[in-house]
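A structural walkthrough
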Amino acid sequence: MKRKEKALPEEAAKTTEKSAVMQKAEDNLNVIFAALLLTVLLFTVSILSVTAKDREYSENENRYLAAAPVFSADSVMDGKFMKDTEAYLSDQFFARDLLVKARTDTDIFFGKKEVNDVYIGKQHFLFEKPAAYDEERVDKTVKAIKTLRKKNPKIRTYFALAPSASEILTDFMPANAPTQNQTEQIQSVYDRMKKIRCIDLCTPLKEAKEPTKLYYKTDHHWTANAAEIAFTQLKARMKIKSTKYTMQTYPVTNTFQGTLASSSGLFRAQDTISITVPEPEVKYTVTYVSENEKRPSVFDSSKLQQKSQYDVFFGGNFAQIRIDTSSSSKRVLLVIKDSYANCVVPMLIPYFKSIVMVDPRYYRDDIEATIEKEGVTDILWLYNINTFLNDTSIANMTM
């Protein structure tokens, strides 16, 4: 009996040791299986990434994707080939859009409030990160604007900067988000504009009864509501006194998801784009100067079937556009602008003989020659403050 009692612990120990060995073997098999599965997955994704047709454009990110790099001895020596290869592999990675969305969702889950310079606000509002005030850059830009004014002293010159959503919808911004006082930034620029008629857009936008209708939730642009407020201010400052026309606004899509949704990977909201047109209708022709193309309307409905639906206004941004109208006015307006102006200009059509739109980001011609050729009587600078502060093209336009 004593021998049997003595043998039991030994037998249990052997059983325990055997179980531990089997468990370790099972764990090793699981690790091997996981590693094998991961290897197969990576190999499959790599093969699909290499064999799949390269995409030129990402509609979700609203940008062109990197193309396959061109090999050369010089590009290898200066490191450009490896840099371009890295960008190419990153952009053309299989199921990239899905992975970008998954990463964004993970960031949001862990409480992150900023993704790719986009602030994630309340009620699905997305905000463009406000630009910092670069004194040197602003000096160069302001100098160029004042130079154009000095060369054309008889032409009435107006200047308007629009604040971004972060300045107006402060209650919807994420808590403690780093921001800028855009009202002060705009006033600082205005203070430098001697002999130029500056137009305050901050005050009327801040006083709007329905501020949430002034900016898109998914895009950095302002809406038709804000554009109409801006138009009212422009009309008063430019001494447009006609009361013959009224503005009618019509929604054209309710599925808009703009650049902020694309940049952040957050597609949780859809916006409505509306267009505002003068009534009664004024006949006009739109000429795309560089493209040598004429169109009957400032609106391009085909863009509503594409990702960038905001391009319904003029079809997007172009170097130079001229609108010839049937208006009895003798005034010719030159609008030097960014895309914020695209939804405002249609409202100005009845009040000018012609309107010439120039976007310095794409314009490469002689601005003085254009002013003389078109017989310009008024110049309007119309920009969003973020674009203006980041701009380097205006300074080059009058060189």
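This text goes with the structure placed above it.
Below or above, wherever it landed, is the structure these notes cover. (Residues numbered from 1 in each chain as written. Predicted model: local features only at pLDDT ≥ 70, side-chain atom pairs only at ≥ 80, totals over all residues. Heavy atoms only, no water.)

Counted according to the given criterion, the structure contains 13 aromatic pairs. In this structure, Lys-217 packs its charged tip against the face of Phe-125, placed 5.3 Å from the ring centre. The ring of Tyr-288 has Arg-295 sitting right over it, with the charged end atom 4.2 Å from the ring centre. (Phe/Tyr/Trp six-rings, centres within 6.5 Å; stacked < 30°, edge-to-face > 60°. Lys NZ or Arg CZ within 6 Å of the ring centre and 35° of its normal.)

Here Asp-84 is to be found in helix α3 (residues 80-91). When its relative accessible area of 26% is taken as the criterion, Asp-84 is described as partly exposed. (Helix = DSSP H or I, 4+ residues; strand = E, 2+ residues; numbered from the N terminus. Buried < 20%, exposed > 50% of the residue type's maximum accessible area, 1.4 Å probe, protein only.)

Take the nonpolar core next. Judged by nonpolar contacts, the single largest core of 95 residues is most densely connected at Phe-159, Trp-222, Ile-323, Ile-355 and Trp-381. If we skip the residues at most four places from it in the chain, Trp-381 touches Ile-145, Leu-148, Thr-157, Tyr-158, Phe-159, Ala-160, Ile-336, Ile-394 and Met-397. (Core = buried A, V, L, I, M, F, W, Y, C linked by side-chain atoms within 4.5 Å. Contact = heavy atoms within 4.5 Å.)

Let's shift gears to the sheet that holds strand β4 (residues 118-120). Pairing in this open sheet of 3 strands is antiparallel, and the strands run β3-β4-β5 from one edge to the other. Of all the strands in the sheet, just β3 (114-115) and β5 (126-128) have a single pairing partner and so form its edges. As paired elements, β3 and β4 share 2 bridges and run antiparallel to each other. Opposite Val-115, over in β4, you have Val-118 as the bridge partner. (Pairing = 2+ DSSP bridges.)

Listing the buried residues of helix α7 (residues 182-190) in full gives Gln-182, Gln-185, Ile-186, Val-189 and Tyr-190. Buried residues of α7, seen end-on, are gathered within an arc of 140° and therefore sit on one face of the element. Each element contacted by the buried residues of α7 is listed here: α5 (135-151), β6 (156-162), α6 (165-168), β7 (197-199), α8 (202-206) and α13 (385-390). (Arc of directions from axis to C-beta.)

Let us look at the sheet that holds strand β10 (residues 284-288). Taken together, 8 strands build an open sheet; the order of strands is β7-β6-β15-β13-β14-β12-β10-β11 and the sheet is mixed. Looking at which strands have only one partner, the edges of the open sheet turn out to be β7 and β11 (293-295). Recorded for the sheet is a direction-independent mean angle of 20° between the axes of neighbouring strands. Where strand β13 (residues 332-337) meets strand β15 (residues 378-384), 5 bridges bridge the pair, whose relative direction is parallel. Pairing of Val-335 across the sheet is with Leu-380, part of β15. Across the face of the sheet, α5 comes into contact with β6, β13 and β15 while running at roughly 170° to β15. Relative to β6, α7 is tilted by about 160°, and along the sheet it contacts β6 and β7. (Axes fitted to C-alpha atoms, helices over the stretch in contact; angles between N-to-C directions.)

Bringing the pattern of salt bridges into the picture now. Tallied over the entire structure, the rule returns 15 salt bridges. In this structure, the salt-bridge partner of Glu-374 is Arg-322, at a minimum N-O distance of 3.7 Å. Here Glu-374, found in helix α12 (residues 367-374), pairs with Arg-322, found in strand β12 (residues 320-325); they are 52 residues apart in sequence, far enough to count as distant. In terms of burial, Glu-374 and Arg-322 fall into one category: buried. (Salt bridge = Lys/Arg side-chain N within 4 Å of Asp/Glu carboxyl O.)

With that settled, the discussion passes to the pairing of β12. Of all 6 residues that make up β12, 5 are buried, and the element is covered over most of its length. Alignment of β10 against β12, held across 5 bridges, turns out to be antiparallel. Paired with Thr-285 across the two strands is Asp-324, which belongs to β12. Examined bridge by bridge, β12 and strand β14 (residues 354-358) share 5 bridges and lie antiparallel to one another. Among the inter-strand pairings, Ile-323 is bridged to a residue of β14, identified as Ile-355.

Positionally, Asp-300 belongs in the loop between β11 and β12. Each C-alpha atom, one on Asp-300 and one on Phe-314, is 6.0 Å from the other, the two residues being 14 residues apart in sequence.

On to the side chain of Ser-354, then. Its place among the elements puts Ser-354 in strand β14. You can call Ser-354 buried: its relative accessible area is 5%.

A separate point is unusual backbone geometry. In this chain, Glu-279 is followed by Pro-280 through a cis amide linkage whose omega measures 5°. For Pro-280, the location among the structural elements is in the loop between β9 (271-279) and β10. The residue Asn-116 is not glycine, and still its phi comes out positive at about 50°. In this fold, Asn-116 is placed in the loop between β3 and β4. If you check the backbone angles, Asp-117 has positive phi at about 65° while not being a glycine. Mapped onto the elements of the fold, Asp-117 is located in the loop between β3 and β4.

For the rest of this paragraph, the subject is the pairing of β6. Across the 7 residues of β6, 6 count as buried, placing the element largely inside the fold. Here 7 bridges tie β6 to β15, and the two strands are oriented parallel to one another. Its bridge partner lying in β15, Leu-161 is registered against Tyr-383. Summarising the sheet, β6 and β7 pair through 3 bridges and their orientation is parallel. Residue Phe-159 lies in a different strand from β7, and its bridge partner there is Cys-198.

So, on to the side chain of Ser-164. Following the sequence through the fold, Ser-164 ends up in the loop between β6 and α6. Using a relative accessible area of 2% as the deciding quantity, one classes Ser-164 as buried. When neighbours within four sequence positions are excluded, Ser-164 is seen to be in contact with Glu-128, Gln-182, Tyr-215, Tyr-340, Asn-384, Ile-385 and Asn-386.

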